[in-house]
4 protein chains.
Amino acid sequence: MICTEGLLRNKYILKILIDKSISIRIIFNMIKNKINNKKPEKRSIILNAALKIIKEKGFHCARMSDISNEAGISYGLIYHYFKKKERLFDTIIEEWWLSIYELLDSLKADNLDIHDKLKKIIVHFFNAYQEKPDLMNIFITEISRSTRNLIGKRLEFFIKFISKTEALIIDAQQKNEIRSDIKARYLTNIFLGSLETFVSAMVLADQELRDSEQKEQIVKSILEVFFNGASVK
Amino acid sequence: MICTEGLLRNKYILKILIDKSISIRIIFNMIKNKINNKKPEKRSIILNAALKIIKEKGFHCARMSDISNEAGISYGLIYHYFKKKERLFDTIIEEWWLSIYELLDSLKADNLDIHDKLKKIIVHFFNAYQEKPDLMNIFITEISRSTRNLIGKRLEFFIKFISKTEALIIDAQQKNEIRSDIKARYLTNIFLGSLETFVSAMVLADQELRDSEQKEQIVKSILEVFFNGASVK
Amino acid sequence: MICTEGLLRNKYILKILIDKSISIRIIFNMIKNKINNKKPEKRSIILNAALKIIKEKGFHCARMSDISNEAGISYGLIYHYFKKKERLFDTIIEEWWLSIYELLDSLKADNLDIHDKLKKIIVHFFNAYQEKPDLMNIFITEISRSTRNLIGKRLEFFIKFISKTEALIIDAQQKNEIRSDIKARYLTNIFLGSLETFVSAMVLADQELRDSEQKEQIVKSILEVFFNGASVK
Amino acid sequence: MICTEGLLRNKYILKILIDKSISIRIIFNMIKNKINNKKPEKRSIILNAALKIIKEKGFHCARMSDISNEAGISYGLIYHYFKKKERLFDTIIEEWWLSIYELLDSLKADNLDIHDKLKKIIVHFFNAYQEKPDLMNIFITEISRSTRNLIGKRLEFFIKFISKTEALIIDAQQKNEIRSDIKARYLTNIFLGSLETFVSAMVLADQELRDSEQKEQIVKSILEVFFNGASVK
DNA sequence: CATGAATGAGAGTTCATTCAT
DNA sequence: GATGAATGAACTCTCATTCAT
């Protein structure tokens, strides 16, 4: 849109294009080549290195040279791909949230009952922890809490996450799958809090979910307490 | 009466003040200190200033000069009371934990049932938030999560907190006040997670517990879900 | 006719273009170069681009990438034509001086009286300003003064310029067209200074010599004061 | 003004001041001491070092570490006195212009004829060159020309200089001390141009005004040509 | 010819900490 | 106790230049 206006405005160029009958496809390919030439491997190498260093040192203490060292490249190259330190971090955060949103959106459209939906959320977090523990670590220590990092766009991300989860709870209340005498927001807090604490515990203790049996047990416990409570029946 | 005109007349001095951007806050503090000749405990002034600045900027971004500015003293003086920046931080954290331990220890000796014990923990946190929101903020954002800060002594503090709470749960299980088919550690995680998420929400949103009714409701919700679950009965 | 809709339809590509902030200028230049298949002298394209950028930012602040962007080429290519940034600058300066020397040498051989010779110098500078204001700007701001740039070969250029002008003055003194009681070097300084200040004023104010009448007037004023003085007769 | 509003508003403090009848004089002295304590020697040492380095390397190439080295202090200290590199340069430039303005303003009020006024300007520049050649060098190479440096406030300084000089010329035209058939601005340009070129020549060649006789001769030459012209009478 | 990913020396700036007064 | 001038290690970011493709 924006680009095209600029292009259209330049009547001189267009006139030449017409005179020489150069098809838009040629221009197209020129642009495509320009874009695709950028080998994306290095970019993701940098992202993974950043992930690891941030996990070890935290956002503030992670130096660009640490990251470049870890990635095995010069630090100048990081600036080639990410204009500022902040951009690098924003990229990491953004990718994390997008994966969460994807899940939550798919659950919204799903026909499962609330128990199974919440189970899927828990499993998603646990899997994420197993697959990319560094990323999960950052989520817990740098994203999910610190007020300082939760400015502007970042805060929006977080609120969106809460709201999307709350929507599932509200939906369940309307379907009478779950108590309505407690505010949906409160239930959301309680559920996400339980989950987060387990993940935190794993992250902080650098603990692994040793076997699938243990994992299964934790999932069951969270759901059991959330739905049926801790009281002796 | 005070002759304010004397000050107003001397435009030259004012100009310099402006040029050198000497904030009125500093002058205020100078005046304040001069007035209270009995030299109030500078140490606690510094701690409170640190609390406020760390809340606003986070530990890493809080500069010593920010803190001394806020305290209305020179930054050299901070080093007189606290040898290092880290000591300042440690002191703040330590005071926090001690207040928690005091509570948990008193609860252990208490004869209340688990419901009332957990209620007291919740209320303690909520009161702490109302009385010293800055401190609670730091607990949530800097202590309770960040792996970086959880090294050595600090991690011990945290583990001790979990364990002391877990002890209450175990005790309740033995008294059959609470389910034993779920690991005490899991129940602890779930309870503390629920609580923490509420506190986090308040901290992150700079929300106040507006009235005691709302507060009461939240306390009840957490306990209700924890003991009886979210399922429709 | 060109099928612009093709471009409009592909929103994905456009988005990437925006994200990567690939300016429309670059695409323009790509297109331009593709069109003029006879590959126009890249060397002069680079020189003109450099001229423009140096005028805008000064030699020190002009980045090679600015110049390559302006020229619509990769910055690697600049190094193909000019081994170093400095070479680029030297080339620009050299071309400027050669044009001046050419004039001064032709004047030396000429039979005009000193008044007309000096007039030709003034007119030459004014014309140069009108035709290549960027180059004149660089002459004034980067060449004619800065001590830093006047090292080695560059200083020689400058001294040669002064000397060649002085030669005209000496010649005039010998022909008794002009006072001999003032050192030729002094007269040269005074004349060139007057001229240069006018050019500087135009350059600094980005002023144009609006009409030939104004131009005529300034030329006349400089000569009139130089030859007859500012005193009331 | 601004400050006092802030002060007046704080009724609490004022009340205490009144209760304790602390005179405003005490506060005054506290402020004064705060201001005077700053030993100004280091500041001027830095300025002189900067002057020398800038002369040698130019604004752009002058590194902060060069300056601190020259001054024999750590570079951190420069930032203690001048918040940014730019501030340091602005301070230098500002001091220069103020000395010029002082002269021009005193001349305006003076009863001398235009010949003697212009002579005083020339002598001022020559003296300045002899006393502070570094500063004069910077004026010629960095201030008086470069468009890049002439942005915002800096351009204003320059224009003010031209205008103040022009005012003297206009005054002289009105008193019929000088030709009115040539625009005052043109005459100003011619005069300042002549002067500047001499100073430039000295600066560029690192030439000294060897004896007062030579100096006298140059002053005389500039004035003689400016008022009576170069033509043979 | 032409490209642009890759390099790394080097610049500005910040800020915890020391120490003479 | 109290001050703030002084220090310098450490960090982010820039940009001329090289070189494989």
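What comes next is a walk through the structure. (Residues numbered from 1 in each chain as written. Chains lettered and ligands numbered in written order. Predicted model: local features only at pLDDT ≥ 70, side-chain atom pairs only at ≥ 80, totals over all residues. Heavy atoms only, no water.)

Next up on the list: the environment of C:Ile190. All names here are of chain C. By secondary structure assignment, the location of Ile190 is in helix 11 (residues 184–204). When its relative accessible area of 3% is taken as the criterion, Ile190 is described as buried. With 36 residues separating them along the chain, Ile190 and Phe226 place their C-alpha atoms 8.0 Å apart. (Helix = DSSP H or I, 4+ residues; strand = E, 2+ residues; numbered from the N terminus. Buried < 20%, exposed > 50% of the residue type's maximum accessible area, 1.4 Å probe, protein only.)

With that settled, consider the interface of chain D and chain C. Each partner contributes to the interface: chain D provides 51 residues, whereas chain C provides 52 residues. Approximately 4300 Å² of surface area, both sides summed, lies buried where chain D meets chain C, with 59% of it carried by carbon and sulfur atoms. Across the chain D-chain C interface, the total number found is 2 salt bridges. In this structure, C:Glu224 and D:Arg179 form a salt bridge, with 2.9 Å as the shortest nitrogen-oxygen distance. Between the two partners, chain D and chain C, sit 14 residue pairs in polar contact (both at pLDDT 80 or more). Examining the composition of the side of chain D that touches chain C, we find that 13 residues originate from one element, helix 11 (residues 184–205) of chain D, more than from any other. When its residues are assigned to classes, the side of chain D that touches chain C shows 21 nonpolar, 19 polar and 11 charged. (Contact = heavy atoms within 4.5 Å. Buried area = accessible area lost by both parts, 1.4 Å probe. Salt bridge = Lys/Arg side-chain N within 4 Å of Asp/Glu carboxyl O. Polar contact = N/O pair within 3.5 Å; in protein donor to acceptor, adjacent residues only side chain to side chain. Nonpolar A, V, L, I, M, F, W, Y, C, P; charged D, E, K, R; others polar.)

Now for the protein's contact with DNA strand F. Taken together, 32 residues surround DNA strand F, and among them A:Arg63, C:Arg63, D:Lys42, D:His80 and D:Tyr81 come closest. Backbone atoms, meaning sugar and phosphate, make up 67% of the atoms of DNA strand F lying within 4 Å of the protein. At a separation of 2.6 Å, a phosphate oxygen of DNA strand F approaches a polar side-chain atom of D:Lys42. The residue makeup of the surface near DNA strand F, split by class, is 16 nonpolar, 6 polar and 10 charged. (Near = heavy atom within 4 Å.)

For the rest of this paragraph, the subject is the interface of chain A and chain B. With 51 residues of chain A in contact, the opposing surface of chain B contributes 51 residues. Buried area between chain A and chain B, summed over both chains or domains, comes out near 4300 Å², and the portion from carbon and sulfur atoms is 59%. In this assembly, chain A and chain B are joined by 2 salt bridges. Our enumeration of links across chain A and chain B arrives at 14 residue pairs in polar contact (both at pLDDT 80 or more). Within the residue set of the side of chain A that touches chain B, elements represented by two or more residues are helix 4 (41–61), helix 9 (133–143), helix 11 (184–204) and helix 12 (212–228) of chain A. Top contributing element to the side of chain A that touches chain B by residue count: helix 11 of chain A, with 13 residues.

Mapping chain D onto chain C leaves a residual RMSD of 0.2 Å; the transformation is a rotation of 180° accompanied by 0.0 Å of translation along its axis. Both copies of the chain, as the preceding transformation shows, are related through a two-fold rotation axis. Both copies present the same face, since 100% of the interface residues in chain D are matched by interface residues at the equivalent positions in chain C. (Least-squares fit on C-alpha atoms with pLDDT ≥ 70 in both.)

Attention now moves to the protein's contact with DNA strand E. In the region of DNA strand E, 32 residues are neighbours, and A:Lys42, A:His80, A:Tyr81, D:Arg63 and D:Lys85 sit closest. Backbone atoms, meaning sugar plus phosphate, form 67% of the atoms of DNA strand E positioned within 4 Å of the protein. The separation between a phosphate oxygen of DNA strand E and a polar main-chain atom of C:Ser74 is 3.2 Å. Those elements giving two or more residues to the surface near DNA strand E turn out to be helix 6 (75–81) of chain A, helix 6 (75–81) of chain B, helix 6 (75–81) of chain C together with helix 6 (75–81) of chain D. Looking at the surface near DNA strand E residue by residue, the classes come out as 16 nonpolar, 6 polar and 10 charged.

What follows concerns the relation of the copies chain A and chain B. For these two chains of identical sequence, chain A goes onto chain B by a turn of 180° and a shift of 0.0 Å along the axis, with RMSD 0.2 Å. The fraction of interface residues of chain A whose copies in chain B are also interface residues reaches 100%, indicating that both copies meet through the same surface.

All names here are of chain B. Per the stated rule, a full pass over the model turns up 44 salt bridges over all chains. As a salt-bridge pair, Asp66 and Arg63 come within 3.2 Å of each other at their nearest N and O atoms. Since its relative accessible area comes to 13%, Asp66 is described here as buried. According to the relative accessible area criterion, Arg63 is partly exposed, its value standing at 49%. For Asp171, the salt bridge identified is with Lys117, shortest N-O distance 3.8 Å. Highlighted residues: Asp171 in helix 10 (residues 153–174) and Lys117 in helix 8 (residues 114–131), separated in sequence by 54 residues. Judged by its relative accessible area of 25%, Asp171 falls in the partly exposed class.

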